[in-house]
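Descriptive analysis of the structure
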Amino acid sequence: MSSGVFVSKNGKVTEAVGIQPKEALLFAPSRKSSSQIWREQRTAMKRENKRIRDRFNEATKRV
Amino acid sequence: MARTKVFISSVNEDGLKPLRRAAFRDLASLGHDPLMWEENLGPWPANIDPIKKCLEAVGQSDIYLLFLGNKAGTYDIRAGATVTHMEFIQAHEQEKLTLVFGDAVIKTAFFSTVKPLIEQLVDQHIKEKEQFPSPIHIMDSLRNNHTLPLHVDPYVWYFLYDITLRKVYIDDLSLGVPIDWKEYFSDLLRRGSLLLPLEQSIEQNSARLEQFDEAFELLNRLLPQVQITGLQRAEDFLSIIKSRMTGGVIEHHYGPYVAETVGEYSDCSAATLYIQVDDRLQLAAKVGHAAGAAYYRLDNHSSYNVLTYHKGDNGEQVFFKASKHMFFYCIRTGRLVLTLHFPSHPNWDYKKFIHYKEAVNDAIISKNPLMIELIKLILGGMQS
């Protein structure tokens, strides 16, 4: 089964299978980049900010 | 004046009927607008889906009030939840003020005996299957446990567990003892009164947040138009970055509410900056305890700097080396590769990294992506 992890050993990059030496350089491609995460967090921040303002508007509205 | 709509929710069990009726009557007499299936919601008109109607009523209410006894009620196979539970989820998702009253005896049994059992079961399941157990699995396990009170439907335990996962407080409900709604709603008014006068402060903070966001958006557009001639003191530049990159916890998530802390990483201990010149990456600066070779040839795939360089512009990657007890977060911008060194706890080895690779990536990359964006923009301005 694929581990989804790669290893660089002696200058060669292969999928990490089995026991790995302590010197092995391991890495796994991330599902999201920092830019994607930032964009998502920004969208969430705007949404939450709007929700808070809407709630306060509703709470202070006189009907 | 608008009146407070209170949706009264519970399983239609005999023990709770007088309580529901009393709540409806008392809340109406206090001037509120209670909504309850058998009083003013259903089953009219005849052709309407009753579940849909209840969920819509929850959506229209201001407060969701739940009474929980020993019966689970109607289980909907399609939803994998009872109707009452669906109403609770709807209220929680729509961020309604949610008031839960649980039978005091059942609540005590839940917190003293059942909750630890479920937590043990969840831990065991996660260890063996690497996923959160299904509601059916939890209920089956509880059903087979003969030390638990037989008169309580297993779904009730699962429901209580879900309520605690969502961090909703459960008030005591003593059957036969009326709830003093006047006192209860007076306390709610007190709590609301503490928050409402903060409207102006919250509005100001909200506006400032938008201003910060707009300013960053401006930077985001302006910096790519700028040519930065270089760093005055590259080590100082890296030191400033290093000092702001703090460590954190590494959490493995099982669904939206459950996370397990599987490790930690320390504050950034070193940073290097390499620049591509011809067929090599040349060291531009380093701070902290980094080996930082003078250069790496671009065909040297033993170097995390080189591997990141080959990911292309704006490529980034977290690496791990057990012998160094270190995570390396590498970011390429144009011809530059920045690497931040984050020490790992000595108990991290290759097995743990393979097992929790996504948690490691998430922990390090998600820590403060705004700072990483800003660093990338500045480094990007130095590409001429």
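Going along each chain's sequence as written, the residues are numbered from 1 onward. To label them, take the chains in the order written and letter them from A, then take the ligands in the order written and number them from 1. Given that the model is predicted, a residue must reach a pLDDT of at least 70 before its local features are reported, and side-chain atom pairs must reach 80 or more before they are shown or counted; all residues, however, enter totals for whole chains, interfaces and linings.

Known as pLDDT, the predictor's confidence for each residue is given on a scale from 0 to 100. Of the residues in chain B, 99% have a pLDDT of 70 or more, and the chain-wide mean is 92. Both scores are given for the predicted complex: the pTM is 0.81, the ipTM 0.91.

Here we take up the domain arrangement of chain B. Residue and element names in this part refer to chain B. We note that the domain assignment places domain 1 (5-179) and domain 2 (227-380) within chain B. Just so you know, the domain bounds were taken from an automatic or database domain assignment. A separation of 47 Å is found between the C-alpha centroids of domain 1 and domain 2. Contact residues are listed per partner, giving 5 residues for domain 1 and 5 residues for domain 2. Looking at side-chain class alone, the side of domain 1 that touches domain 2 contains 3 nonpolar, 1 polar and 1 charged residues. Two residues qualify as a contact pair if the distance between their C-beta atoms, derived from the backbone, is within 7 Å. Gly is put with the polar residues, along with every residue not named as nonpolar or charged; the nonpolar set is Ala, Val, Leu, Ile, Met, Phe, Trp, Tyr, Cys and Pro, and the charged set is Asp, Glu, Lys and Arg.

Turning our eyes to something else, we now look at the sheet that holds strand S1 (residues 5-10) of chain B. Adjacent strands of a sheet pair through backbone hydrogen bonds, lying either parallel or antiparallel. All names here are of chain B. Read across the sheet, 5 strands follow the order S2-S1-S3-S6-S7 without closing on themselves; strand pairing throughout is parallel. Two strands close off the open sheet at either side, each with one partner strand: strand S2 (33-35) and strand S7 (170-173). Across the sheet, the mean angle separating the axes of adjacent strands is 25 degrees when strand polarity is ignored. Of the strand pairs in this sheet, strand S6 (residues 97-103) and S7 are connected by 4 bridges, and their pairing is parallel. In the strand pairing of S7, Val100 is matched with Ile170. In the packing of helix H1 (residues 17-29) onto the sheet, the strands contacted are S1, S2 and strand S3 (63-68), and the crossing angle to S1 comes to about 175 degrees. Two strands qualify as a pair provided that DSSP identifies no fewer than 2 bridges between them. Strands are runs of DSSP state E lasting at least two residues, helices are runs of H or I lasting at least four, and both sets are numbered from the N terminus onward. Helix axes use the C-alpha atoms of the stretch in contact, all axes being lines fitted to C-alpha atoms, and the angles between their N-to-C directions lie in the range 0 to 180 degrees.

Further remarks concern the environment of B:Ser239. Assignment of secondary structure puts B:Ser239 in helix H10 (residues 234-244). Along the backbone, B:Ser239 and B:Leu283 are 44 residues apart, and their C-alpha atoms lie at a distance of 15 Å.

The next thing to look at is the packing of helix H3 (residues 50-60) of chain B against helix H4 (residues 83-93) of chain B. All names here are of chain B. Direction vectors running N to C along H3 and H4 enclose 30 degrees, while the axes themselves pass 9 Å from each other. Regarding the angle of H3 to H4, the classification is roughly parallel. Classified by chirality, the crossing of H4 by H3 is right-handed. Across the interface between the two elements, Ile51, Cys54, Leu55, Val58 and Gly59 of H3 pack against Val83, Met86, Glu87, Gln90 and Ala91 of H4. Looking at side-chain class alone, the contact of H3 with H4 contains 7 nonpolar, 2 polar and 1 charged residues. Under this scheme an angle from 65 to 115 degrees is roughly perpendicular, one under 35 degrees roughly parallel, and one over 145 degrees roughly antiparallel; angles in between are oblique. Helix crossings fall into two classes, left-handed where the near helix is turned counterclockwise from the far one by less than a right angle and right-handed where it is turned clockwise.

So, about the packing of helix H1 (residues 34-60) of chain A against helix H9 (residues 199-222) of chain B. Where H1(A) meets H9(B), the closest approach of the two axes is 11 Å, and the angle between their N-to-C directions is 155 degrees. Judged by the inter-axis angle, H1(A) sits roughly antiparallel to H9(B). When you trace H1(A) past H9(B), the crossing you get is left-handed. The residues of H9(B) that touch H1(A), namely those facing A:Arg42, A:Asn49, A:Ile52, A:Arg53, A:Phe56 and A:Thr60, are B:Glu199, B:Ile202, B:Glu203, B:Ser206, B:Leu209, B:Glu210 and B:Asp213. Considering only residue class, the contact of H1(A) with H9(B) consists of 4 nonpolar, 3 polar and 6 charged.

The assigned domain composition of chain A is domain 1 (1-30) and domain 2 (32-63). Computed from C-alpha atoms alone, the centre-to-centre distance between domain 1 of chain A and domain 2 of chain A is 40 Å.

Reading across the sheet, the 9 strands line up as S2(A)-S1(A)-S3(A)-S13(B)-S14(B)-S15(B)-S10(B)-S11(B)-S12(B) and stay open at both edges, with antiparallel pairing between neighbours. Taken across any chain shown, the strands that pair with only one partner, and hence form the sheet edges, are strand S2 (12-15) of chain A together with strand S12 (295-297) of chain B. Across the sheet, the mean angle from the axis of one strand to that of its neighbour is 25 degrees, orientation sign disregarded. The sheet contact formed by strand S13 (residues 316-321) of chain B and strand S14 (residues 326-333) of chain B spans 6 bridges and is antiparallel. Among the inter-strand pairings, B:Phe319 is bridged to a residue of S14(B), identified as B:Phe328. Its contacts with the sheet put H10(B) on strand S10 (270-277) and strand S11 (280-288) of chain B, and the angle it makes with S11(B) is roughly 60 degrees.

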